[in-house]
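Residue-level listing of the chains:
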Amino acid sequence: MKPGNVVLLNGTSSAGKSTTARALQEVMDLPYVHTGVDHFLPRVPQQFFAIEDVANAHPVDYFVLLYSGVAPRATAEIEGGQSVFGLSEFRGLRIGPEGIKLLAGMYSGIAGLARAGVNVIVDDVLHDQRLLRSAVEALCGLPVLLVGLRLPREVAERRERERGDRGPGAATAFYDLVHTHVIYDLELDTSVLGPQECAQRIKGALQKGRSGQAFQQLHALLARST
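All of these numbers come straight from a predicted model, not from anything done at the bench.

Enquirer: Mind showing me how you'd approach the environment of Arg-159 here?
Expert: Residue position: Arg-159 is located in helix α5 (residues 153-163). For the pair Arg-159 and Ala-15, spaced 144 residues apart in sequence, the C-alpha separation works out to 8.4 Å. Discounting chain neighbours no more than four positions away, the residues touching Arg-159 are Ser-14, Ala-15, Gly-16, Leu-151, Thr-190 and Ser-191.

The structure is reproduced here in structure tokens:
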């Protein structure tokens with residue numbers, strides 16, 4: 001069976017991943033399932049998410065949401081892929097080994113869909129090199145188009161404020177991390193290109209057979225770093 005395509009959109013919060021994914025679903029001739037970290041994490045039980053002050057964070061097995069100037073709380077509510085607290089500014093996400101295992105399972109599930117012939121769009125925030133390694137190990141060998149969605153920091157922060165559906169800070173917290181170790185098949189500036197334009201460029205890259213090249217390079221680089 002011919003495997004399905006995987007379009008992996010990577011960018012900081014408010015980079016336009018979800019709107020680009022929906023636009024891509026509309027322009028593609030075949031169905032593409034849209035999934036990703038914002039769909040997966042809300043299905044993890046809330047007791048495995050803790051809140052810590054960024055200055056006093058402890059080692060964690062699963063997930064810790066880091067804030068500045070907050071009192072520790074046992075768990076965090078997760079809604080729509082983001083924390084909902086009305087607390088101070090979000091400063092980052094710390095993932096323990098069991099959390100990495102859960103997210104590695106997400107990538108393996110996506111790989112299973114692709115191997116079954118299902119086309120998939122994944123929106124992701126690859127801010128941790130362990131996540132990148134898990135994605136590459138699960139998906140290497142499949143037709144993965146790795147797309148970097150970039151934009152100026154101030155535009156991401158403005159979009160985050162205008163959305164009003166999540167606390168402030170995620171766009172900034174992930175901004176300097178999300179593209180650090182990643183090689184792309186295609187990079188798009190979502191402050192210049194709208195979702196429909198991004199979707200058309202992604203469709204064109206798929207038609208030109210650009211899938212898989214970035215993942216092959218990443219696989220070789222990560223293999224040498226072990």
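Enquirer: Mind showing me how you'd approach unusual backbone geometry here?
Expert: Even without being glycine, Ser-14 reaches a positive phi, approximately 70°. The class of Ser-14 is buried, set by a relative accessible area of 5%.

Enquirer: Would you mind going over the layout of surface pockets with me for this structure?
Expert: In this approach, a probe sized like a water molecule rolls over the atoms, and the result shows the empty space that is left. Put simply, the second largest pocket is a space of about 220 Å³. Every residue lining the second largest pocket is counted, 13 residues in all, and those nearest its centre are Lys-2, Asn-5, Leu-30, Tyr-32 and Asn-119. Looking at the lining of the second largest pocket, the element that brings in the most residues is helix α7 (residues 195-207), giving 3 residues. Here the lining of the second largest pocket is composed, by residue class, of 5 nonpolar, 5 polar and 3 charged.

Enquirer: What am I meant to see in the packing of helix α4 (residues 129-139) against helix α8 (residues 213-225) here?
Expert: Helix packing for two helices is described by the angle between their axes and how far apart those axes are. Relative to each other, α4 and α8 sit at 120°, their axes nearing to 10 Å. For the element pair α4 / α8, the angle class is oblique. In this structure, α4 meets α8 at a crossing whose hand is left-handed. In this structure, α4 contributes Gln-129, Leu-132, Arg-133, Ala-135, Val-136 and Leu-139 to the contact, and α8 contributes Phe-215, Leu-218, His-219, Leu-222 and Ser-225.

Enquirer: Sorry if this is basic, but what is going on with helix α3 (residues 97-115) here?
Expert: For α3, built from 19 residues, the straight-helix expectation of 27 Å at 1.5 Å per residue is met to within 8% by its first-to-last C-alpha distance of 27 Å. The first or second residue beyond α3 is Gly-117, which carries a positive phi of 95°.

Enquirer: Help me understand the packing of helix α1 (residues 17-27) against α7, please; the structure alone is not making it clear to me.
Expert: The contact between α1 and α7 brings their axes to 8 Å, and the two run at 60°. The angle between α1 and α7 places the two elements in the oblique class. Here α1 runs over α7; the crossing is right-handed. Packed against α1, whose contacting residues are Thr-19, Thr-20, Ala-23, Leu-24 and Val-27, the element α7 presents Pro-195, Gln-196, Cys-198, Ala-199, Gln-200, Ile-202 and Lys-203 at the interface. Here the contact of α1 with α7 is built from residues that sort into 7 nonpolar, 4 polar and 1 charged.

Enquirer: So what exactly am I meant to see when it comes to the sheet that holds strand β1 (residues 6-10) here?
Expert: Sheets are built from strands that pair by backbone hydrogen bonding, the pairs being arranged parallel or antiparallel. Strand order in the open sheet formed by 5 strands is β2-β8-β1-β9-β10, with parallel pairing between adjacent strands. Both edges of this open sheet fall to β2 (32-36) and β10 (186-189), since each of them pairs with a single strand only. Each neighbouring strand pair of the sheet contributes to a mean axis angle of 20°, computed without reference to strand direction. Relative to strand β8 (residues 119-124), β1 is paired through 5 bridges, and the arrangement is parallel. The residue bridging Leu-8 from the neighbouring strand is Val-122, located in β8.

Enquirer: Would you mind going over the pattern of salt bridges with me for this structure?
Expert: Opposite charge on two side chains makes pairing possible when the charged atoms of those side chains draw close. Per the counting criterion, the structure on display carries 6 salt bridges. Two residues, Arg-130 and Asp-128, come together in a salt bridge whose shortest N-O distance is 2.7 Å. By relative accessible area, which is 15% here, Asp-128 ends up buried. Close ionic contact of Arg-150 with Glu-187 constitutes a salt bridge, the shortest N to O distance being 2.4 Å. Of the two residues, Arg-150 is situated in strand β9 (residues 144-150) and Glu-187 in strand β10; the sequence distance between them amounts to 37 residues. The partly exposed category is assigned to Glu-187, whose relative accessible area is 45%.

Thresholds, definitions, all that
Residues numbered from 1 in each chain as written. Predicted model: local features only at pLDDT ≥ 70, side-chain atom pairs only at ≥ 80, totals over all residues. Heavy atoms only, no water. Helix = DSSP H or I, 4+ residues; strand = E, 2+ residues; numbered from the N terminus. Contact = heavy atoms within 4.5 Å. Buried < 20%, exposed > 50% of the residue type's maximum accessible area, 1.4 Å probe, protein only. 1 Å grid on protein atoms, 1.4 Å probe; cavity = no way out; pocket = protein on both sides within 12 Å on 5 of 7 lines; lining within 4 Å. Points joined across faces, edges and corners; volume = space filled by probe spheres on them. Nonpolar A, V, L, I, M, F, W, Y, C, P; charged D, E, K, R; others polar. Axes fitted to C-alpha atoms, helices over the stretch in contact; angles between N-to-C directions. Parallel < 35°, antiparallel > 145°, perpendicular 65-115°, else oblique. Left-handed = near helix turned anticlockwise from the far one by under 90°. Expected span 1.5 Å × (residues − 1). Pairing = 2+ DSSP bridges. Salt bridge = Lys/Arg side-chain N within 4 Å of Asp/Glu carboxyl O.

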